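Residue-level listing of the chains:
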Amino acid sequence: MATTTPSRGRRRAPSRMTRAAGKAAALQKPRVILALLLLLALTSVMLLDGYLRSEVGGDERVRSDAGSNKVPDSVIDGGPILSFRNGEAQSRSVPDKTIALTFDDGPNPTWTPQILKILQENDVPGTFFLVGSMVSRYPSIVNDLVDQGNEVGIHTFTHVDLSYQSDTRIQREMAQTQLALAGAAGITTTLFRAPYSSKTDAIDNYSWPVYKRLGAEGYTSVFVDTDSDDWKRPGVSKIIKWATPSKNKGASVLFHDAGGERSQTVNALGTYIKKMKAKGYTFTTISGATQLADAENADSRQPGTGEAPGGRQGEGLGRQGQGAQGGNALQAAHRTATGTTLYEGKALVAAVAVAEWTVPGLATGLAVVGVAVMGRFGMMLILARRHYRRRNRRRFSWGEPVTRPVSVIVPAYNEKECIANTLKSLAQSTHPIEIIVVDDGSTDGTKEIAEALGMPNVRVIRQENAGKPAALNNGVRHASHDIVVMMDGDTVFEADTVRQLVQPFADPGIGAVAGNAKVGNRDTVIGAWQHIEYVMGFNLDRRMYDLLRCMPTIPGAIGAFRREAVLAVGGMGEDTLAEDTDITIALHREGWRVVYQEHAKAWTEAPGSLKQLWSQRYRWSYGTMQALWKHRKSLTDRGPSGRFGRVGMPLVVIFQIVTPVFAPLIDVFTVYSMIFIDFEASLLAWLAVLGVQLVCAAYAFRLDREKYRYLLMMPLQQLAYRQMMYLVLIHSCVTALTGGRLRWQKLKRTGEVGTPAGVG
């Protein structure tokens, strides 16, 4: 029997969603690119943060016991201030009764401010050799340090032994530190101290070329005469003793304001300064010491040349060298940063600030997400077991058996490959049914195929193409019975499916029933992945939601409804792309109970290609967001509506939207940790999570009596398929946030899901 729903006029005007479809389609590619760019930006932030903490590109090698026969004796035996003039090395010593306090490895937010306070209280300047990564992280400390009248030098960007590094890496270490100084304090500097260096007699054949190269670029390398060895934390008295020059000699004295616990340094410094002043010592910076040394040695002075003390410092620094800052002799090594250097420096500091806030925030958020996910797994296992035991007890019954006829609605649009198998499977039903095929304007002969089968209990209704929700509503209006079963045109039922599906309606409080959708074409890799997802993700979830009485979705492939309940909520909504989620939430809000019937099985044809899979899941994700937004008022409602809003909706938002959105970052963190931090520990953590998922999946397969062999695909699913699903969800979120719209997307069918028999 065939019925045609007449159209009004010659041609119906397109709906608002249809009119927006063309524009939306054109916007999808940019949105995909935007989603990928967001992930790339977060990855870049993580790499920057790792670089600052020496997790990325870190090199902990330190050279020792190398020969020094290529280093001039005048350098090895010379003073701690080494510069180059016309390629010739020049050494200077700190004059007698003079101390140049130097501090390495800072700035540190705990110790550097305390040291600055002591210096200020004692009216003593210091020279701080700063690590560029720390400068970019704590720019305000550097700015205060310079404003107080102290001098700064470069201690590389990541505190690496430069004798092991390439020329490119050396240049990068210096340039990046200069940029950090420019961004933090508006200056650059010509002073340099190599990490792990000490006195000049430690210069070897590998480090000497580095000093010569940097000297040619205008840098003055600074060593030490007296080392406090405060990093050993030997006690305050020993730090003071070891830092005291012998025989009233001048000295470049080394302390540390970072790199470890520095309370002993802080406690010793004030006492040390007072002791040295009592002995008649004066304190200056490295530039101040250089000028004093030049004054004592008239042969080293170059009056009228305009050169900085110690040779042509600043030559070779290019745009970095713009003259000593403010004319302060104690900061003669400073140059005012201008132009590109200044702006690039500020950009670096700003980027680091973003990374400093973003990465810890993400780490905290991901820890919360991880705990939530593991908690969800535990809750699913507990509730799924309880659900299974409750529904499979010998004495369990929904009530009096439901034996009255029901209506089965099959919406179909260009389903020529599948419609015959679908109707033939329904013909085997052990429950009395009428079948209503609603042909939604098919152009491939779907209607004719359905009619040609000559099945007496089949009605074919023809309508203009209006979408699946409209087709379902049309079917509900034409249904003869009070219970309607809805299925997809590519789905086949087992003989007992309808009977099992409608039994819960013996309970008058139940308004809808979700069936057990199975992947029929599971013999391909993509099909097997979806099979695992259906069994573990969908059906295990539905057991949990059933017990919590907040089932969010009745699958379009198999669901049953009271006709009066569907009509009472206005039918299937046409304003979302997830009409199944929309109608399920609407029924909850009206006080109907929605349950899961595991024994009612339907076999559906899942997408057979990645492109089709992306299209389907993109629509599902976006439609779910639409439905949740549509019913957002349930969060503040009372009664059944409020119960779903405060229980079901948060669960769906957290575990179907928020958690998957952050999940790619967990994987990025894992890969990052494997490459840059601890491969073994990170791998073990990943395997542990995979093990938990395998346990959940195995239990889900046991409950559904599925074969375990498909679980062999799960590790690969976690590496490939899951990432794709996450990107789909991110794509959907971007579309929702940018106000995009999607049209209904028809998937290509093969008709390979015939009868469920033999599916293993």
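What comes next is a walk through the structure. For clarity, every value in this text was computed on a predicted model and none was experimentally measured.

**Overview of the overall build of the chain**
Scanning the chain from N- to C-terminus turns up 22 helices and 21 strands. Evaluated residue by residue, the chain yields a buried proportion of 55% over its 760 residues. A sequence separation of at least 24 residues applies to 81% of the contacts in the chain between residues at least 6 apart. With the model as given, the accessible surface of the chain reaches about 32,800 Å², and the carbon-plus-sulfur share is 54%.

**Examining the side chain of Gln-717**
You can see Gln-717 is positioned in helix 22 (residues 714-737). Gln-717 gets classed as buried once you look at its relative accessible area, which sits at 5%. Separated by 3.0 Å, the side chain of Gln-717 and the backbone oxygen of Trp-529 make a polar contact.

**With respect to a positive patch on the surface**
On the surface, Arg-385, Arg-389, Arg-702 and Arg-705 cluster together to form a positively charged patch. With respect to the helices, strands and loops of the structure, Arg-702 is situated in helix 21 (residues 679-703). Taking the relative accessible area as the measure of exposure, Arg-702 reaches 52% and is therefore exposed.

**Quick notes on the pairing of strand 14 (residues 406-412)**
Regular strands place side chains that alternate from one sheet face to the opposite one. For strand 14, a buried count of seven out of seven residues is recorded, marking the element as mostly surrounded by other parts of the structure. Residues Val-406, Val-408, Val-410 and Ala-412 of strand 14 are buried on one face, and the alternating residues Ser-407, Ile-409 and Pro-411, pointing to the opposite face, are buried as well. Here strand 14 pairs with strand 15 (residues 433-440) via seven bridges, running parallel. Bridge pairing in strand 15 places Val-410 opposite Val-437. With respect to chirality, the unit in which strand 14 leads through helix 12 (residues 419-427) into the neighbouring parallel strand 15 is right-handed. Of the pairings in the sheet, the one linking strand 14 to strand 17 (residues 483-487) comprises three bridges and is parallel in character. Each residue of the ladder has a partner; that of Val-408, found in strand 17, is Val-485.

**Digging into the environment of Arg-617**
Within the secondary structure, Arg-617 is located in helix 19 (residues 610-630). For Arg-617, a relative accessible area of 4% corresponds to the buried category. Considering only alpha carbons, one finds Arg-617 and Leu-729, 112 residues apart in sequence, at a separation of 8.0 Å. If sequence neighbours within four positions are ignored, Arg-617 has contacts with Gln-530, Glu-533, Tyr-534, Phe-538, Tyr-721, Met-725 and Val-728. Polar contacts involving the side chain of Arg-617 include one to the side chain of Glu-533, which spans 2.6 Å.

**A look at the pattern of salt bridges**
Under the definition given, this model contains 26 salt bridges. Here Arg-233 and Glu-261 are joined by a salt bridge, their closest N and O atoms 2.9 Å apart. Note that Arg-233 is positioned in the loop between strand 10 (226-227) and helix 8 (236-243) and Glu-261 in the loop between strand 11 (251-256) and helix 9 (263-278), a separation of 28 residues in sequence. Measuring nitrogen to oxygen at the nearest pair gives 2.2 Å for the salt bridge that ties Arg-462 to Asp-439. One end of the pair, Arg-462, is in strand 16 (residues 458-463); the other, Asp-439, is in strand 15, and 23 residues separate them in sequence. What makes Asp-439 buried here is its relative accessible area of 0%. Bridged by salt links that share partners, the residues Lys-518, Arg-522, Arg-543, Glu-598, Asp-704 and Glu-706 form one connected network.

**With respect to unusual backbone geometry**
Residue Pro-107 is reached from Gly-106 by a cis peptide bond, and omega for that bond is 0 degrees. Looking at the element boundaries, Pro-107 is found in the loop between strand 4 (98-106) and helix 3 (111-121). With a phi close to 70 degrees, Thr-156 is a non-glycine residue in the positive phi region. Here Thr-156 lies in the loop between strand 6 (151-154) and helix 6 (167-185).

Rules behind the numbers
Residues numbered from 1 in each chain as written. Predicted model: local features only at pLDDT ≥ 70, side-chain atom pairs only at ≥ 80, totals over all residues. Heavy atoms only, no water. Helix = DSSP H or I, 4+ residues; strand = E, 2+ residues; numbered from the N terminus. Buried < 20%, exposed > 50% of the residue type's maximum accessible area, 1.4 Å probe, protein only. Contact = heavy atoms within 4.5 Å. Areas by Shrake-Rupley, 256 points an atom, 1.4 Å probe, with all protein chains shown as cover. Polar contact = N/O pair within 3.5 Å; in protein donor to acceptor, adjacent residues only side chain to side chain. Patch = residues over 30% accessible without salt bridge, like charges linked within 9 Å, V, L, I, M, F, W, Y side chains within 5 Å. Salt bridge = Lys/Arg side-chain N within 4 Å of Asp/Glu carboxyl O. Lys, Arg positive; Asp, Glu negative; His and termini not counted. Charge placed at Lys NZ, Arg CZ, Asp CG, Glu CD. Pairing = 2+ DSSP bridges. Right-handed = clockwise from strand over helix to strand, strands pointing away.

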